[in-house]
Amino acid sequence: MTDLQKQIKERTQAVREQMQQAARASGRNIADIMLLAASKTQTPETVAESRELGMDLFGENRVQELEEKAVFGAYGDKKVNLIGHVQSNKAKIAVKYASVIESVDSIEIAQAIANAATKIGKTQDVLVEINIANEESKFGILPKNLDAFLCEICNISGVHVQGLMTNPPISLKKGQNSRFFANLYKLFIDIKAKKYDNISMSILSMGMSRDFCEAIAEGSNIVRIGTGIFGERK
Ligand SMILES: *Cc1c(COP(=O)(O)O)cnc(C)c1O
């Protein structure tokens, strides 16, 4: 094992232990929570060398990076989700490689994804990205617009909504994002109870290196960890 692999393995184990503690503290089953390694900016070689070191799946922000690493064979038999903003002209590549596209935030992109998916005989699993803190600078559907958005997207065959994801403000203080995570969980439960056609609420993707324990306490079932696994990005 290389030094880099040792470091990644140790960090991943440490993250797992904290996930375990957070799950136990809130009476949750750790088996219900997935560890996604956010591998943006990591080379295909690093991803390939890390994939047996304890993560459940990978996440990429940029479609081009996803394609490059997938073509290299970096992910092996691990799944990879797209977690960054997608443009319609990249939908075809996204659909080819992504297990779940977590960042759907407009009908236009949902339609482009659906068209690309249909062409290759796939129904693309997606999450709706929610701008939970109503930040002007952020992508995502505002909570108040979510019902209307779901009413539209549920008519698009070729995509299947599996849940929600969010990117809250960068967490500077412990506990700072708890209320945003709690609000997203409430939205997730409310939507689930409404039983929209063609909409499932099974995935709640929230929590990053700085705040994943809070996210788990509030009901997350995918945490997306970059720095905590790979170290500081260059
Ligand atoms: C980079 C990134 C992460 C991981 O961030 P870290 O703070 O490095 O853990 C998670 N989600 C998204 C959407 C990201 O872009």
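Residues numbered from 1 in each chain as written. Predicted model: local features only at pLDDT ≥ 70, side-chain atom pairs only at ≥ 80, totals over all residues. Heavy atoms only, no water.

**A closer look at the pairing of strand β6 (residues 159-166)**
Threshold: The buried label applies to any residue whose accessible area, calculated with a 1.4 Å probe on protein chains only, is under 20% of its type's maximum; exposed applies above 50%, and partly exposed to all values in between. Secondary structure counts use DSSP, requiring at least four H or I residues in a row for a helix and at least two E residues in a row for a strand, with both numbered from the N terminus. Pairs of strands are assigned from DSSP output, requiring at least two bridges between the strands. Clockwise travel from the first strand over the helix to the second, with the strands pointing away from the viewer, marks a crossover as right-handed.
Burial within β6 is extensive, with seven of its eight residues counted as buried. Across seven bridges, the pairing between strand β5 (residues 124-130) and β6 is parallel. Across the sheet, residue E129 finds its bridge partner in β6, namely M165. On the question of chirality, the crossover connecting β5 to the parallel β6 by way of helix α6 (residues 146-153) is right-handed. The pairing of β6 with strand β7 (residues 199-205) spans four bridges and is classified as parallel. Within the sheet, the bridge partner assigned to L164 lies in β7 and is L204. With respect to chirality, the unit in which β6 leads through helix α7 (residues 178-194) into the neighbouring parallel β7 is right-handed.

**Quick look at the side chain of Q5**
Rules: Polar contacts here mean pairs of N or O atoms no more than 3.5 Å apart (in protein, one a potential hydrogen donor and the other a potential acceptor; neighbouring residues in sequence count only if both atoms are side-chain atoms).
Summarising the element assignment, Q5 is placed in helix α1 (residues 3-25). Q5 sits in the buried class, given a relative accessible area of 17%. In this structure the side chain of Q5 is engaged in a polar contact, spanning 2.8 Å, whose partner is the backbone oxygen of E49.

**Quick word on the packing of α6 against α7**
A packed helix pair is summarised by two numbers, namely the angle formed by the two axes and the spacing between the axes. Threshold: Every axis corresponds to a line fitted to the C-alpha atoms, with the helix fit spanning only the stretch in contact, and the corresponding angles, defined between N-to-C directions, vary from 0 to 180 degrees. To sort the angles, those under 35 degrees are grouped as roughly parallel, those over 145 as roughly antiparallel, those from 65 to 115 as roughly perpendicular, and the leftovers as oblique. Helix crossings are classified by the rotation of the near helix relative to the far one: an anticlockwise turn of less than a right angle makes the crossing left-handed, while a clockwise turn makes it right-handed. Two residues qualify as a contact provided that any one of their heavy atoms is within 4.5 Å of a heavy atom in the partner residue. For this classification, Asp, Glu, Lys and Arg are treated as charged, while Ala, Val, Leu, Ile, Met, Phe, Trp, Tyr, Cys and Pro are nonpolar and the rest, including Gly, are polar.
In the contact formed by α6 and α7, the axes pass within 12 Å of each other and the chain directions differ by 45°. When the interaxial angle is binned, α6 and α7 end up oblique. As α6 packs across α7, the resulting crossing turns out to be right-handed. Where α6 approaches α7, its residues L146, D147 and L150 are matched on the opposing element by L187, I191 and K194. Residues belonging to the contact of α6 with α7 are distributed by class as follows: four nonpolar, no polar and two charged.

**Concerning the pairing of β5**
Most of β5 sits out of view: six of its seven residues are buried. For strand β4 (residues 100-104) and β5, the ladder comprises three bridges, and the chain directions are parallel. The residue bridging I101 from the neighbouring strand is V126, located in β5. The parallel pair β4 and β5 is bridged by helix α5 (residues 107-119), and the resulting crossover is right-handed.

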